[in-house]
Amino acid sequence: MKPILYKSTNNPADRINFETALLRGLAPDYGLYTVAREDIPVLAPSEIAGLKGKSYAEIAFRILAPYLASEIPEEKLRALLQDAYQEDRIPTDFQHVTGKTHIMWLTKGPTYSFKDYAARFFGRALNFFLGRKGLRRVVVVATSGDTGGAVADALWGLDNVDNIVFFPKGSISEGQRRQMTTLGQNIYAFEVKGDFDVCQALAKALLGNKEFAQETYGDPERFTSANSISVGRLLPQAVYPFYAYSRLAEYPEPLIASIPSGNFGDMMGTVLAKGMGLPVSRIIAGVNENTEFPEFLESGTYQVRPSVKSPSSAMIVSHPSNLARLIDFYGGWMYDERDPATGNVTSPGALGKMPDMDAMRRDIVSMGVNNQQHYATMKEVYDTYGIVLDPHGAVGWRTLDLYLSGRHDSLAVIYETADPGKFPEDVEKAIGIVPELPPGMKKQAQMKERIYSIAAEPENTSEGLKLSSAQLNEAKSLIREIFKSKS
């Protein structure tokens, strides 16, 4: 099997193996590692049809082996995936709603979020490579809601890993916050003034700062990422569209995937699955009031604005990181202009080369759902079908229903990405019922929190909030103190 190499979205000539891309997180030129479209392995129709009835772990092996077989021995990869996707720890359920529309509940894992799927693979793969080389890494993550808890749970207690999580103060639920702040040990949760984009800029600034890593840890490569920017998160997100197809479709029946979209990891994973030969006829990328992407699809002009708060808190993202991968997939080039002295983003989402917009529009449709429509949709689905959705799932339902004009006569799956119990206030506001808190979160509600607060303010610009040098310096100071206390 030919080894697959991974390129930076900012430099197609920079080709490295999966292990190096995983350990680096972000490319030295601030690009995201991705698979060149011509290198994506394509499954034979018999292979796709043969997935029917297979376990999640087995399907994950068949989808991921072409990417990893040259670096992880088959028996090790099978064991890693069996451990990551034990069916009693992370079951994947499907629920028929109406016509040919189904919900895929990606909410049964340890932190009750779809992020568990990618995080569990990422953590085990990272631990495998670090253990083999005798190395240690600090995993830096920005979260708009569920990523932080999922990554923290997946990395908690690992011998070779520390985890730093940045979350926007006041923009995530208490339950989401406690999934990060109550673990202790090697998990360090930072609250940051600003929005997710500020947190993401902070994570990227650290990931690209080899001098600070050398100064603090004596190792310029110490930082890596588990955000959607990590290729170790991207690849496993190509698995669950295949799993959905194996449970719902008969090959070569086409499938519509309706995906609540924030940082575009799920959407990009589904694009990758389509590129591997999965018969996905249309990908619906539902967003909230942060409508930069649907406007870009319509006009061809990309303009980043200040992010808008929304009940779908994990999707309060005005500039999705994975958009650079999507643009690359369709033959374009997107990059963030940066201050060469600080590495801070000065102009996000610059288009160096336009992608094939016609091809992108054939594959993907994107719509925005306003805040009031979140609640109206949750109520409508509950009143009509007795199904309790969380705000993100409501975006998936609303956009699919609009796309189908209410006629659910095409095979379709909605990705439900978080347990409704993680959003009790929003669910109660929509349907008048408080959903039950998941059992693990009930326990964490009584536990002591450890929070590192960055008090400095972000910069307030016409393009929205931006990471300030004061915030970056304060984060560095706190990280130095943590490292000294561990030495």
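Below, the structure is looked at part by part. All figures in this text were calculated on a predicted structure; none of them were measured in a lab. (Residues numbered from 1 in each chain as written. Predicted model: local features only at pLDDT ≥ 70, side-chain atom pairs only at ≥ 80, totals over all residues. Heavy atoms only, no water.)

Topic: the sheet that holds strand β9 (residues 223-225)
Thinking step 1. Spatial strand order, β9-β6-β7-β8-β16: five strands in an open sheet with parallel pairing. The sheet is open, and its two edges are formed by β9 and β16 (451-454), each paired on a single side. On average, adjacent strands in this sheet sit at an angle of 30 degrees to one another, irrespective of strand direction.
Thinking step 2. Across six bridges, strand β7 (residues 161-168) lies against strand β8 (residues 187-192) in parallel orientation. Its bridge partner lying in β8, Ile 164 is registered against Tyr 188.
Thinking step 3. The sheet strands contacting helix α5 (residues 115-133) are β6 (137-142), β7 and β9, and the helix crosses β6 at an angle near 160 degrees.
Thinking step 4. Docked against the sheet, helix α20 (residues 469-486) engages β7, β8 and β16, running at close to 150 degrees with respect to β16. (Pairing = 2+ DSSP bridges. Helix = DSSP H or I, 4+ residues; strand = E, 2+ residues; numbered from the N terminus. Axes fitted to C-alpha atoms, helices over the stretch in contact; angles between N-to-C directions. Contact = heavy atoms within 4.5 Å.)

Regarding the sheet that holds strand β1 (residues 6-8)
Thinking step 1. Within the open sheet, the three strands sit side by side as β2-β1-β3. Their pairing is antiparallel. Two strands bound the open sheet, and with one partner strand each, they are β2 (11-16) and β3 (33-34).

Observations regarding helix α13 (residues 292-299)
Thinking step 1. Along α13, the residues that are buried comprise Glu 292, Phe 293, Pro 294, Phe 296 and Leu 297.
Thinking step 2. Residues of α13 that are buried sit in contact with α12 (265-275), β11 (280-287), α14 (323-329), β13 (345-353), α15 (357-363) and β14 (364-368).
Thinking step 3. Where α13 terminates, the next one or two residues include Gly 300, which has phi positive at roughly 85 degrees. (Buried < 20%, exposed > 50% of the residue type's maximum accessible area, 1.4 Å probe, protein only.)

A word on unusual backbone geometry
Thinking step 1. Look at the link from Tyr 251 to Pro 252: it is a cis peptide, with omega at 5 degrees.
Thinking step 2. Inspection of the secondary structure assignment puts Pro 252 in the loop between α11 (239-248) and β10 (255-260).
Thinking step 3. Of note, Tyr 112 is a non-glycine position whose phi angle comes to about 60 degrees, a positive value.
Thinking step 4. Take Tyr 112: it is sitting in the loop between β5 (101-105) and α5.
Thinking step 5. At Gln 185, a residue that is not glycine, the phi angle is positive and equals roughly 50 degrees.
Thinking step 6. A residue is classified by how much of its surface remains accessible, and Gln 185, at 54% relative accessible area, is exposed.

Quick word on helix α6 (residues 146-155)
Because each turn of an α-helix spans 3.6 residues, side chains separated by three or four positions end up pointing in the same direction.
Thinking step 1. The buried count for α6 comes to nine of ten residues, which makes it a mostly enclosed element.
Thinking step 2. Looking at α6, one finds that the buried residues are Asp 146, Thr 147, Gly 148, Gly 149, Ala 150, Val 151, Ala 152, Ala 154 and Leu 155.
Thinking step 3. Contacts from the buried residues of α6 go to α5, β6, β7, α7 (174-181), β8 and α10 (231-234).
Thinking step 4. Of the residues trailing α6, Gly 157 is marked for its positive phi of about 80 degrees.

Overview of the packing of aromatic side chains
Ring pairs (aromatic) are described by centroid distance and by the angle formed between their planes.
Thinking step 1. According to the stated counting rule, one finds 24 aromatic pairs in the structure shown.
Thinking step 2. Taking 6.0 Å as the distance between ring centres and 10 degrees as the angle between the ring planes, the aromatic pair formed by Phe 212 and Phe 223 counts as stacked. Residue Phe 212 is located in helix α9 (residues 210-217), and its partner Phe 223 is located in strand β9; the two are separated by eleven residues in the primary sequence. Of the two residues, Phe 212 and Phe 223, both sit in the buried class.
Thinking step 3. An aromatic cluster of at least three residues, connected via ring pairs, comprises Tyr 56, Tyr 85, Phe 94, Tyr 117, Tyr 240, Tyr 243 and Tyr 415.
Thinking step 4. Above the plane of the ring of Phe 61 lies Arg 78, whose end atom (NZ or CZ) is 3.8 Å from the centre.
Thinking step 5. Lying across the ring of Tyr 30, Arg 338 places its NZ or CZ 3.8 Å from the centre. (Phe/Tyr/Trp six-rings, centres within 6.5 Å; stacked < 30°, edge-to-face > 60°. Lys NZ or Arg CZ within 6 Å of the ring centre and 35° of its normal.)

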